[in-house]
Amino acid sequence: MRNDLHCRAALRMIREAIEQHCPPGVLPSEEAVNGLYGPCVMDEAEALAAAIVATVDRLQLSTTTKPPAPNIKV
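The rules behind each value
Chains are numbered independently. Their residues run from 1 in the order of the written sequence. Totals for whole chains, interfaces and linings use every residue, but because this is a predicted model, local features are given only for residues with pLDDT of at least 70 and side-chain atom pairs only at 80 or more, for both listing and counting. Side-chain numbers come from the whole structure's heavy atoms, not from hydrogens or water. Interaxial angles span 0 to 180 degrees and are taken between N-to-C directions of axes, which are lines fitted to C-alpha atoms, for helices over the stretch in contact. The helix count covers DSSP runs of H or I at least four residues long, the strand count covers runs of E at least two residues long, and both are numbered beginning at the N terminus. In these notes the angle categories are as follows: under 35 degrees is roughly parallel, over 145 is roughly antiparallel, 65 to 115 is roughly perpendicular, and the rest is oblique. Rotating anticlockwise by less than a right angle from the far helix to the near helix defines a left-handed crossing, while the corresponding clockwise rotation defines a right-handed one. A contact between two residues is defined here by any heavy atoms of the two lying within 4.5 Å. Each residue is assigned to one class: nonpolar for Ala, Val, Leu, Ile, Met, Phe, Trp, Tyr, Cys and Pro, charged for Asp, Glu, Lys and Arg, and polar for all the others, Gly among them. We define a salt bridge as a side-chain nitrogen of Lys or Arg found within 4 Å of a carboxyl oxygen belonging to Asp or Glu. Burial classes: relative accessible area under 20% of the type maximum marks a residue as buried, over 50% as exposed, and values in between as partly exposed (1.4 Å probe, protein chains only).

**Let's talk about the packing of helix H1 (residues 2-21) against helix H3 (residues 41-63)**
Running from N to C, H1 and H3 point in directions that differ by 20°, and their axes come no closer than 10 Å. Here H3 runs roughly parallel to H1, going by the angle between their axes. Considering the relative orientation of H1 and H3, their crossing is left-handed. Along the contact surface, H1 presents Asp4, Cys7, Arg8, Leu11, Ile14, Arg15 and Ile18, while H3 presents Val41, Glu44, Ala45, Leu48, Ala51 and Ile52. When grouped by side-chain class, the residues that make up the contact of H1 with H3 number nine nonpolar, no polar and four charged.

Here it is as structure tokens:
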């Protein structure tokens, strides 16, 4: 039981960091996580991990370089 409280406190800290520093919408609310994943500690951890992966994917998409436009001269 004590470990469960410590785990929940740690996950709450991770959730706050994600909410402050990651793009909006990558992490559902705690209530939505309960409905989408489940109410257990591991379910919250899964949602947090998915939010981190989604953030990394968004960052990689925004930093990919596009090839230059072709130069059209007549």
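Moving on, there is more to tell.
**Considering the pattern of salt bridges**
Per the stated rule, a full pass over the model turns up three salt bridges. In this structure, arginine 8 and aspartate 4 form a salt bridge, with 3.7 Å as the shortest nitrogen-oxygen distance. Here arginine 8 pairs with aspartate 4, and both are found in helix H1, just four residues apart, close to one helical turn. According to the relative accessible area criterion, aspartate 4 is partly exposed, its value standing at 31%. Residues glutamate 19 and arginine 15 are paired through a salt bridge, measuring 3.2 Å at the closest nitrogen-oxygen approach. With glutamate 19 and arginine 15 both in helix H1 and four residues apart, the pair spans about one turn of that helix. Via salt bridges that share partners, Arg15, Glu19 and Glu44 belong to a single interconnected network.

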